[in-house]
Amino acid sequence: VMKLNPQQAPLYGDSVITVQLTEEDKIEDDVVFYLVFTGSTVQHCTSTRKINPGSLETISPGHDCCETVKVALCASREGHPVLVVAEESFQFVQDEAYDAAQFLATCAGNQQALNFTRFLDRSRPPAADVDFLDEKVALAFRHLKLPAEWNVLGADQSLTENIPRETLMHFAVRLGLLRLTWFLLQQPGGRGALSIHNNEGATPVSLALERGYQKLHQLLTEEEAREPDSWSTLSHTVHSGDYSVKHHRGLDVYMLTAEA
């Protein structure tokens, strides 16, 4: 028996899972533990990190749908067959951050919806909440399967740049969402959004300056701006055919995902 804590993760993954082992499975030095998550269409295998003799830590993979999956704890030792030590069920769920990312992605060009996001700004969340929101929404956005024609400025590309309007970039900058801004900059229309004025004549760049967001302003104006430090602890993915491998730098855990 093993205990997983928590027993669920958002679809986009990247949250820490602790694995409590029973007495008889206490960790010996030459044993390597990993978890195998088996969903209806994909399977993930994650490495683990030892916290103490009775517990391991890993990072939840991103999954393709909301469902309950089977998790097997496997132990391998050189010269021995791989053993399945314990099994448990685990749930992938769609959380508020995922809903928010889907909502934002869908209303990239929708002025009514983008004006609603300005209303959010007036009830400004405290800095710690902003950081949490930034990380989760950026992770969820990255996990969405955005259509090939998706653009930060919305579907209607015929709008010339001199029509004043709100953009997703204004939204991200106004709230000081560093990770989301970085993500949007890499997408089609991301750079173009920087020079668009809204009805008050503000561009995302002038908003960052006016609000005193120095890191954000650098990100938007420096030619050689690199990804913000806050991204560096998150997982980075490499795709190859039906497989993808993710490395979570913060915990130094690897995840392999394959179509089942």
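Looking at an unreviewed UniProt entry, one finds the protein named AKP13 protein, with Fregata magnificens as its source organism.

Trainee: Even after reading the chapter, I still don't get the overall build of the protein, so can you show me in this structure?
Mentor: The helix and strand tally for the protein stands at eight helices and 12 strands. Viewed in the frame of its principal axes, the protein has a C-alpha envelope of about 65 × 35 × 35 Å. Counting all 260 residues of the protein, 46% fall into the buried class. Side chains of the protein carry 21 positive and 35 negative charges; the gap between the two charge centres is 4 Å.

Trainee: I'm lost on the pairing of strand β6 (residues 49-52) in this one. Help?
Mentor: On a regular strand, each side chain points to the face opposite its neighbour's, so the side chains alternate between the two faces of the sheet. With three bridges joining them, β6 and strand β7 (residues 55-59) adopt antiparallel strand pairing. What sits directly across from Lys50, in β7, is Leu56. In this antiparallel pair of consecutive strands, β6 and β7, the connection spans two residues.

Trainee: Hey, could you run me through the nonpolar core in this one?
Mentor: Within soluble globular proteins, side chains that are nonpolar tend to cluster in buried spots. Membership of the largest hydrophobic core comes to 62 residues, with the highest contact counts inside it found for Phe90, Phe141, Leu168 and Leu184. Each of domain 1 (3-94 + 235-259) and domain 2 (96-221) gives at least three residues to this core. Beyond its immediate sequence surroundings of up to four residues, Leu168 is in contact with Leu104, Ala108, Leu114, Phe141, Trp150, Val152 and Leu184.

Trainee: Where do I start with the domain arrangement of the protein in this structure?
Mentor: It is common to give the size of an interface as the accessible area that goes away when the parts come together. Once the domains are mapped, the protein shows domain 1 (3-94 + 235-259) and domain 2 (96-221). Each of domain 1 and domain 2 has a C-alpha centre, and these two points are 33 Å apart. Between domain 1 and domain 2, the residue contacts involve eight residues of the former and nine residues of the latter. Contact between domain 1 and domain 2 buries roughly 800 Å² in total, counting both sides, with carbon and sulfur atoms accounting for 55%. For the pair domain 1 and domain 2, the number of links is zero salt bridges. Residue classes in the side of domain 1 that touches domain 2 are distributed as two nonpolar, five polar and one charged.

Trainee: How should the sheet that holds strand β4 (residues 32-38) be read in this particular structure?
Mentor: Backbone-to-backbone hydrogen bonds join strands into a sheet, with any given pair of strands oriented parallel or antiparallel. Spatially, eight strands are ordered β2-β9-β8-β4-β5-β12-β11-β10 in an open sheet, and the strand pairing comes out mixed. Across the chains shown, the open sheet's two edge strands, defined by having one partner strand only, are β2 (8-10) and β10 (235-240). The mean angle between the axes of side-by-side strands here comes to 25°, regardless of whether they run parallel or antiparallel. Pairing analysis gives five bridges linking strand β5 (residues 42-47) to strand β12 (residues 253-259), with the strands arranged antiparallel. The residue of β12 that forms the bridge with Cys45 is Leu256.

Trainee: How do you make sense of the packing of helix α3 (residues 127-143) against helix α5 (residues 178-185) when you look at a structure like this?
Mentor: At a minimum axis separation of 7 Å, α3 and α5 run at an interaxial angle of 25°. With respect to α5, the axis of α3 lies roughly parallel. In contact with Asp131, Asp134, Glu135, Val137, Ala138, Phe141 and Arg142 of α3, α5 contributes Leu178, Arg179, Leu180 and Phe183. Within the contact of α3 with α5, the residues separate by chemical class into six nonpolar, no polar and five charged.

Trainee: What exactly am I supposed to notice about the pairing of strand β1 (residues 2-5) here?
Mentor: Burial along β1 is one-sided: Met2 and Leu4 are buried, and none of Lys3 and Asn5, which face the opposite way, are. Across four bridges, β1 lies against strand β3 (residues 16-21) in antiparallel orientation. Of the residues in β3, the one forming a bridge with Lys3 is Gln20.

Trainee: Help me understand the environment of Leu251, please; the structure alone is not making it clear to me.
Mentor: The topology assignment puts Leu251 in the loop between β11 (243-248) and β12. According to the relative accessible area criterion, Leu251 is buried, its value standing at 11%. Placed 16 residues apart in sequence, Leu251 and Ser235 show a C-alpha to C-alpha distance of 9.5 Å.

Trainee: Just to check I follow, could you spell out the side chain of Asn151 for this structure?
Mentor: Here Asn151 lies in the loop between α3 and α4 (168-174). Polar contacts involving the side chain of Asn151 include one to the main-chain amide nitrogen of Leu153, which spans 2.8 Å.

Trainee: Whenever I open this one, the sheet that holds β7 confuses me. Can you help?
Mentor: As summarised here, the arrangement of the four strands in space is β1-β3-β7-β6, forming an open sheet in which the pairing is antiparallel. The open sheet is flanked by β1 and β6, the only strands paired with a single partner. In this sheet, adjacent strand axes meet at a mean angle of 30° when their direction is disregarded.

Trainee: Can you help me understand the side chain of Arg179 in this one?
Mentor: Relative to the elements of secondary structure, Arg179 occurs in helix α5. When residues no more than four places from it in sequence are discounted, the contact partners of Arg179 are Asp131, Asp134, Glu135, Ala138, Ser230, Trp231 and Leu234.

Reading the values: the criteria
Residues numbered from 1 in each chain as written. Predicted model: local features only at pLDDT ≥ 70, side-chain atom pairs only at ≥ 80, totals over all residues. Heavy atoms only, no water. Helix = DSSP H or I, 4+ residues; strand = E, 2+ residues; numbered from the N terminus. Buried < 20%, exposed > 50% of the residue type's maximum accessible area, 1.4 Å probe, protein only. Lys, Arg positive; Asp, Glu negative; His and termini not counted. Charge placed at Lys NZ, Arg CZ, Asp CG, Glu CD. Pairing = 2+ DSSP bridges. Core = buried A, V, L, I, M, F, W, Y, C linked by side-chain atoms within 4.5 Å. Domains from an automatic or database assignment. Contact = heavy atoms within 4.5 Å. Buried area = accessible area lost by both parts, 1.4 Å probe. Salt bridge = Lys/Arg side-chain N within 4 Å of Asp/Glu carboxyl O. Nonpolar A, V, L, I, M, F, W, Y, C, P; charged D, E, K, R; others polar. Axes fitted to C-alpha atoms, helices over the stretch in contact; angles between N-to-C directions. Parallel < 35°, antiparallel > 145°, perpendicular 65-115°, else oblique. Polar contact = N/O pair within 3.5 Å; in protein donor to acceptor, adjacent residues only side chain to side chain.

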